[in-house]
Amino acid sequence: MNKDFLKELLTAVSPSGYEGSASNVFYDYMNKVATFVKRDNAGNTIFRIGNPEAKAKLMLSAHIDEIALQIQNIDDKGFLHFVTDGGVDKKVLPGSHVKILTSTSIVDGVIGKAAIHIEKGEEKNKVLEIKDLKIDIGAETREEAAAI
């Protein structure tokens, strides 16, 4: 197994509808190891490894997109509010590192919540709703976040 290829594939930012990054990594790697490679109009990579005349054949099929979040708005303090795009487990989101795909770059952020010393009573132990979480990209105002 080529660990560099696997790392590059797994770290490619490829949310649903924007799978080009991971698709290109996979296509480029298959061009190095396969005997036949092509890409169809839908962006699928079709490849062959081994003898095309062999009696036994195996087909692999998989999704290349990843579960994602969609930024919905930016508040006055520069925090990004989001909704889920796919089956996201909200229990694991607080503290998660995220990469935000913009029209010109990729921005790093972290998902946060209100500080525990601000929470009262049972709030400290409840599973948070998506609306209670925000992405922090280090901006202090809406304008600064929007510029990033």
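For the structure itself, consult the block above.
Right, let's walk through the structure included here.

The rules behind each value
Residues numbered from 1 in each chain as written. Predicted model: local features only at pLDDT ≥ 70, side-chain atom pairs only at ≥ 80, totals over all residues. Heavy atoms only, no water. Helix = DSSP H or I, 4+ residues; strand = E, 2+ residues; numbered from the N terminus. Rg over C-alpha atoms; globule rule 2.2 N^0.38 Å. Buried < 20%, exposed > 50% of the residue type's maximum accessible area, 1.4 Å probe, protein only. Areas by Shrake-Rupley, 256 points an atom, 1.4 Å probe, with all protein chains shown as cover. Phe/Tyr/Trp six-rings, centres within 6.5 Å; stacked < 30°, edge-to-face > 60°. Lys NZ or Arg CZ within 6 Å of the ring centre and 35° of its normal. Contact = heavy atoms within 4.5 Å. Axes fitted to C-alpha atoms, helices over the stretch in contact; angles between N-to-C directions. Parallel < 35°, antiparallel > 145°, perpendicular 65-115°, else oblique. Left-handed = near helix turned anticlockwise from the far one by under 90°. Nonpolar A, V, L, I, M, F, W, Y, C, P; charged D, E, K, R; others polar. Pairing = 2+ DSSP bridges.

Considering the overall build of the protein
1) Next: Looking only at helices and strands, the protein has 3 helices and 7 strands in total.
2) Next: Listing the helices and strands of the protein from first to last along the sequence gives α-α-β-β-β-β-β-β-β-α.
3) Next: Scaling as 2.2 N^0.38, a compact globule of 148 residues should have a C-alpha radius of gyration of about 15 Å, whereas the protein reaches 20 Å, well beyond that.
4) Next: Overall, the protein is about 70 × 35 × 25 Å in size when its C-alpha atoms are taken along their principal axes.
5) Next: Going through the 148 residues of the protein one by one, you find that 23% of them count as buried.
6) Next: Surface exposure of the protein reaches about 10800 Å², of which carbon and sulfur atoms provide 53%.

Describing the packing of aromatic side chains
1) Next: Evaluated as defined, the whole model comprises 3 aromatic pairs.
2) Next: Seen in terms of ring centroids, phenylalanine 5 and phenylalanine 26 are 6.4 Å apart; in terms of plane orientation they differ by 40°. Their pairing is tilted. Within this pair, whereas phenylalanine 5 is found in helix H1 (residues 3-11), its partner phenylalanine 26 is found in helix H2 (residues 20-33), the two being separated by 21 residues in sequence. Phenylalanine 26 shares its class with phenylalanine 5; the two are buried.
3) Next: When the centroid spacing of 5.7 Å and the interplanar angle of 65° are considered together, the rings of phenylalanine 26 and phenylalanine 47 count as edge-to-face. Within this pair, whereas phenylalanine 26 is found in helix H2, its partner phenylalanine 47 is found in strand S2 (residues 45-48), the two being separated by 21 residues in sequence.
4) Next: Linked through ring pairs, Phe5, Phe26, Tyr29 and Phe47 together constitute an aromatic cluster.
5) Next: Just above the ring of tyrosine 27 sits the side chain of arginine 39; from NZ or CZ to the centre is 4.3 Å.
6) Next: When the ring centre of phenylalanine 36 is taken as reference, the NZ or CZ atom of arginine 48 above it lies at 5.0 Å.

So, the side chain of threonine 45
1) Next: Tracing the chain through its elements places threonine 45 in strand S2.
2) Next: The contact partners of threonine 45, leaving out residues within four places of it in the chain, are Ser23, Phe26, Tyr27, Val37, Lys38 and Arg39.

With respect to the packing of H1 against H2
1) Next: Their axes nearest at 8 Å, the elements H1 and H2 cross at an angle of 160°. Here H1 is positioned roughly antiparallel relative to H2, judged by the angle of their axes. At the point where H1 passes H2, the crossing takes the left-handed sense. Each of Phe5, Glu8 and Leu9 in H1 lies in contact with H2, whose residues at this interface are Ala22, Val25, Phe26 and Tyr29.
2) Next: Grouping the constituent residues of the contact of H1 with H2 by class yields 6 nonpolar, no polar and 1 charged.

A word on the environment of glutamate 53
1) Next: In this structure, glutamate 53 sits in the loop between S2 and strand S3 (68-74).
2) Next: A relative accessible area of 67% means that glutamate 53 is categorised as exposed.
3) Next: On a C-alpha basis, the gap between glutamate 53 and proline 15 in space is 37 Å, while along the polypeptide they are 38 residues apart.

Side note on the pairing of S3
1) Next: Looking at chain direction, S3 and strand S4 (residues 80-85) are connected through 6 bridges and run antiparallel. In the strand pairing of S4, glutamine 70 is matched with valine 83.
2) Next: Turn length for the S3-S4 hairpin, with the two strands adjacent in sequence and antiparallel, is 5 residues, and the turn residue glycine 78 shows positive phi of about 90°.

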